[in-house]
Amino acid sequence: CRLPLPPAHYAVCELLGPFDFSDPNGGSTVKKAPTMEDAEVKCAEYHTYGTKPLAEITSKGLRNHYAVLMANHGSIVVGEDMELAMYNAERLERECEIYWKCLQMHMVGPPKPLTMNEIHDLHKADATYGQDHPMEEVQEKLEKVKVDDGAGSGSSDNPAVTNSVSASSASLVTMAATDCSFSGTDSDEN
């Protein structure tokens, strides 16, 4: 497959790096507002396995996100530790399943990705949603590392702080298609 993964389901946003929605004209350090292109898991161009061009294009596709697809290869998923990398790998697999199912239902219209406003609302909601999330555990571990190091240095040499990488294939399994949104299906349009 050589397709990126758009935010057809809200949880795709968990695989994207942080967005700064502050106004670039209001003293923000952001050079431009996030776009829909920023809000998708990229699919890096195909290159032969084990080559430098594949490594370079995959790194460029990953940017500050937690996942990147590699055309006709698979995917790379990262996290602050192995637990979060595995969580992100499972999240990517599920989001690929949802999108694949949405694409199968093309007769009702193409999948309708979330808008940037909806993604912004998700970021705000995530701050107060109240469910346990692996990222909270990562923050707790990092705080513990700072305390254990004494002066709060949080040394990057500590193995608890190193990045972990996990590869995941986007295998497809049965799931309910109710997670999909389609354009042209609103009741007032019919």
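To be clear, the structure that these remarks concern was listed above.
What counts and how
- Residues numbered from 1 in each chain as written.
- Predicted model: local features only at pLDDT ≥ 70, side-chain atom pairs only at ≥ 80, totals over all residues.
- Heavy atoms only, no water.
- Helix = DSSP H or I, 4+ residues; strand = E, 2+ residues; numbered from the N terminus.
- Core = buried A, V, L, I, M, F, W, Y, C linked by side-chain atoms within 4.5 Å.
- Buried < 20%, exposed > 50% of the residue type's maximum accessible area, 1.4 Å probe, protein only.
- Expected span 1.5 Å × (residues − 1).
- Polar contact = N/O pair within 3.5 Å; in protein donor to acceptor, adjacent residues only side chain to side chain.
- Pairing = 2+ DSSP bridges.
- Right-handed = clockwise from strand over helix to strand, strands pointing away.

Draft legend 1. Quick look at the environment of C96. Considering the arrangement of structural elements, one finds C96 in helix α2 (residues 82-104). Once the C-alpha coordinates of C96 and A8 are considered, the two residues, 88 residues apart in sequence, prove to be 9.6 Å apart.

Draft legend 2. The arrangement of the nonpolar core in detail. Core analysis: the biggest nonpolar cluster contains 19 residues, and L5, V41, L92 and I119 have the highest contact counts within it. Of all the secondary-structure elements, those providing two or more residues to this core are β2 (67-70), α2 and α3 (116-126). With four residues, α2 is the largest single contributor of residues to this core.

Draft legend 3. Structural context of α2. With 23 residues, α2 should reach 33 Å at 1.5 Å per residue; the first-to-last C-alpha distance of 33 Å fits that figure. Among the residues of α2, L84, A85, N88, A89, R91, L92, E95, C96, E97, I98, Y99 and C102 are the ones counted as buried. For α2, the N-terminal capping position is held by D81, with its side-chain oxygen 3.2 Å away from the main-chain nitrogen of E83.

Draft legend 4. Expanded view of the pairing of β2. Judged by which residues are buried, β2 turns out to be covered on both faces: A67 and L69 on one side and V68 and M70 on the other are all buried. Bridge count for strand β1 (residues 43-44) against β2 is two bridges, and the pairing is parallel. Across the sheet, the residue bridging to A44 is M70, located in β2. What joins β1 to β2 is helix α1 (residues 52-62), and the crossover it makes is right-handed. Bridging between β2 and strand β3 (residues 74-79) involves four bridges; their strand directions are antiparallel. Its bridge partner being in β3, M70 is matched across the sheet by G74. Linking two consecutive strands that pair antiparallel, namely β2 and β3, is a turn of three residues; a positive phi of about 60° is found at N72 within it.

Draft legend 5. Structural detail: unusual backbone geometry. Even without a glycine there, the phi angle at R63 is positive, about 45°. Along the chain, the position of R63 falls in the loop between α1 and β2. Given the relative accessible area of 42%, R63 is considered partly exposed. Positive phi is not limited to glycine here, since N72 has a value of about 60°. Here N72 shows up in the loop between β2 and β3.

Draft legend 6. Focus on the side chain of H9. Mapped onto the fold, H9 is located in the segment before β1. A relative accessible area of 8% places H9 in the buried class. Within the local environment of H9, its side chain forms a polar contact with the side chain of E95, the two groups lying 3.0 Å apart.

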